[in-house]
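Below are the chains, spelled out letter by letter.
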Amino acid sequence: MSTPKAGVALGSSGVLRPGAWRWLRSLGWMLLCLVALAAILSLQSLARAIYPDSNVVLAMAFVCTALAYLAYAALVRWGEKRVPSELDLRALPSELASGLVTGALLFALVFSLLWLSGAYQVAPGQWRDWPHDLREALGTGLLEELLARLVVFRLLARAFGIRWALALSAAAFGAAHLGNAHASRFAALAIAVEAGLMLAGFYLLTGRIWMSVGVHAAWNFTQGAIFGARVSGMEDSGSLLVSTPVAGVSPIWSGGAFGPEASVPAMVVGLLAFVLILGRIRRHRLERAST
C-alpha cells in the first residue's frame, strides 16, 4: 500500500519553496514555529504563578491555545506565503463532531476488549466535574494536535517525505510521554502507534486538523472522565466509572499504572485504525484518478 500524499498542505512557497536545502529550511522553519508557539503557550505558566486558581489556569490555557492557532496562521501566511487550508473553519463543525464520535467509539472498543478479557474491574464513580473534564480534553486535543501534526509532522513531511515523517513524529510523540508517571518504553511505543500514527492518519485523511483534534479529545475524555482509567499515567479526580487493572494481569496487556493506552489492545486498535485510514485514502485516490 502506498503512503497517501493528497490533501496535506505541505507548503511549497516562501521558505518552503523548491530548491537547494529545502529539507534544511523546512527543519529550521519547524524549530522557529515551535519556539514562537512555545513562547505564547508559556503565558499559561505565568498566569498559574500569578493566580493559581484551577479555573483561571484552564481558561488561560484556552486563551493561549487560541493565540497559538492565530500565530500559526500568521506564520504560515508570512513564511510560507499561503492560506492555511489545514485550519479551514468551514470544515470545523462536521469534522470535529465526526472526530469526537470516532474517538469515543475507538476507546470504547479498547476498553471493551480489556474488560471482556478480565484485565480491568469497573465500579461506579463520582462525577461532579464533567465540564472541567470536557474543557481539559478539548484543550489538550487542540494544543497537542497543533504542535504534533501541523508543525512537527507536516514540516518533517516537507523535509523528508510522509513515510519518514510518520515514523519520526510518532517516535517523538511517544518519547515525549516518557516523562509521565509510570511510563515505560512499551508505553512510549504504544503512544507512538495510537497517537503518532493513528492521529496523523486522520490528518492525512482530511488534510485538516479538526478530525484529529476530535479523536484525540474524545479518546482522552472517554478514557479518563467516562471509564475513570488513568490517561497517560495521570489519574482523574472524578469520573462516571472507576476502572482499575486487575492484580496479576500483565501490565503489557492491561497498561498497568500508566493506563489502558499502554496496553496491547489499545496498540492493536490504534494500528488497525491507521491501516483502515490508509486504505480509505488509497480508495479515494483511485476514485479521483478514474474520474
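Please refer to the structure higher up on the page.
Criteria and thresholds
Residues numbered from 1 in each chain as written. Predicted model: local features only at pLDDT ≥ 70, side-chain atom pairs only at ≥ 80, totals over all residues. Heavy atoms only, no water. Helix = DSSP H or I, 4+ residues; strand = E, 2+ residues; numbered from the N terminus. Buried < 20%, exposed > 50% of the residue type's maximum accessible area, 1.4 Å probe, protein only. 1 Å grid on protein atoms, 1.4 Å probe; cavity = no way out; pocket = protein on both sides within 12 Å on 5 of 7 lines; lining within 4 Å. Points joined across faces, edges and corners; volume = space filled by probe spheres on them. Nonpolar A, V, L, I, M, F, W, Y, C, P; charged D, E, K, R; others polar. Expected span 1.5 Å × (residues − 1). Salt bridge = Lys/Arg side-chain N within 4 Å of Asp/Glu carboxyl O. Axes fitted to C-alpha atoms, helices over the stretch in contact; angles between N-to-C directions. Parallel < 35°, antiparallel > 145°, perpendicular 65-115°, else oblique. Contact = heavy atoms within 4.5 Å. Arc of directions from axis to C-beta. Lys, Arg positive; Asp, Glu negative; His and termini not counted. Core = buried A, V, L, I, M, F, W, Y, C linked by side-chain atoms within 4.5 Å. Phe/Tyr/Trp six-rings, centres within 6.5 Å; stacked < 30°, edge-to-face > 60°. Lys NZ or Arg CZ within 6 Å of the ring centre and 35° of its normal.

Enquirer: Describe in detail unusual backbone geometry, supporting the description with residues and values.
Expert: Here Lys81, not a glycine, exhibits a phi torsion of approximately 55 degrees, which is positive. With respect to the helices and strands, Lys81 occurs in the loop between α3 (54-79) and α4 (92-116). For Lys81, a relative accessible area of 54% gives the class exposed.

Enquirer: Please provide a residue-by-residue account of the layout of surface pockets, values included.
Expert: The calculated volume of the largest pocket comes to roughly 900 Å³. Forming the boundary of the largest pocket are 41 residues, of which Glu136, Ala137, Thr140, Asn220 and Met234 lie nearest the centre. Elements with a contribution of two residues or more to the lining of the largest pocket: α2 (43-50), α3, α5 (130-160), α7 (185-206) and α8 (210-226). A per-element tally of the lining of the largest pocket places α5 first, with nine residues. Here the residues of the lining of the largest pocket sort into 18 nonpolar, 13 polar and 10 charged. Its boundaries defined by the atoms lining it, the second largest pocket holds a volume of some 270 Å³. Looking at the second largest pocket, it is lined by 14 residues, and the ones nearest its centre are Tyr69, Leu70, Leu87, Leu89 and Trp210. A total of five residues in the lining of the second largest pocket trace back to one element, the largest contributor, which is α3. Taken together, the residues of the lining of the second largest pocket sort by class into 11 nonpolar, two polar and one charged.

Enquirer: Go over α8 with me, naming the residues and quoting the values.
Expert: Between its first and last C-alpha atoms α8 spans 22 Å; for 17 residues at 1.5 Å apiece the expected length is 24 Å, and the two agree. One or two steps after α8, the chain reaches Gly228, where phi turns positive at roughly 70 degrees.

Enquirer: How would you sum up the pattern of salt bridges? Please name residues and give values.
Expert: Side-chain pairing between opposite charges can occur once the charged atoms of the two side chains come close. Per the counting criterion, the structure on display carries eight salt bridges. Glu235 is the partner of Arg230 in a salt bridge, and the nearest nitrogen-oxygen pair spans 3.4 Å.

Enquirer: Before we move on, can you summarise the packing of helix α1 (residues 22-41) against α2 with the specific residues and values?
Expert: Axis separation between α1 and α2 bottoms out at 4 Å; the angle between their running directions is 20 degrees. Judged by the angle between their axes, α1 and α2 are roughly parallel. Contact residues: α1 offers Ala39, Ile40 and Leu41, while α2 offers Leu43, Gln44 and Ser45.

Enquirer: So what's going on with helix α6 (residues 162-176)? Which residues, and what values?
Expert: When the terminal C-alpha atoms of α6 are compared, their 21 Å separation across 15 residues agrees well with the 21 Å that a helix rising 1.5 Å per residue should span. For α6, every residue scored as buried is listed here: Ile162, Ala165, Leu166, Ser169, Ala170, Phe173 and Gly174. For α6, the arc enclosing every buried residue in end-on projection is 150 degrees, short of the 170-degree limit, so these residues lie on one face. Facing away from the buried side of α6 by more than 90 degrees, the exposed set consists of Arg163 and Trp164. Summarising the contacts, the buried residues of α6 are in contact with α5, α7, α8 and α10 (264-290).

Enquirer: Lay out the side chain of Arg25 in plain terms, naming residues and giving numbers.
Expert: Structurally, Arg25 can be placed in helix α1. One buried charge, Arg25, has no salt-bridge partner; the nearest side chain with opposite charge is Glu80, at 11 Å.

Enquirer: Describe the nonpolar core, and please don't skip the residues or the numbers.
Expert: Core analysis: the biggest nonpolar cluster contains 72 residues, and Tyr69, Leu87, Leu106, Phe153, Leu166, Met198 and Phe202 have the highest contact counts within it. Elements represented by at least two residues in this core include exactly α1, α3, α4, α5, α6, α7, α8 and α10. Counting residues per element, this core draws most heavily on α7, which supplies 12 residues. Not counting residues within four places of it along the chain, the set of residues in contact with Met198 comprises Leu106, Val193, Val215, Trp219, Gly270, Ala273, Phe274 and Ile277.

Enquirer: Give me the lowdown on the packing of aromatic side chains, citing residues and values where you can.
Expert: Per the counting criterion, the structure on display carries 11 aromatic pairs. Look at Trp21 and Trp23: their rings are 6.1 Å apart centre to centre, the planes differ by 45 degrees, and that puts the pair in the tilted class. Residue classification places Trp23 among the partly exposed positions, given a relative accessible area of 38%. Three or more aromatic residues joined by ring pairs form one cluster here, namely Phe107, Phe111, Tyr120, Trp219 and Phe227. Stacked on the ring of Phe173, the Lys or Arg Arg149 has its end atom at 5.3 Å from the ring centre.

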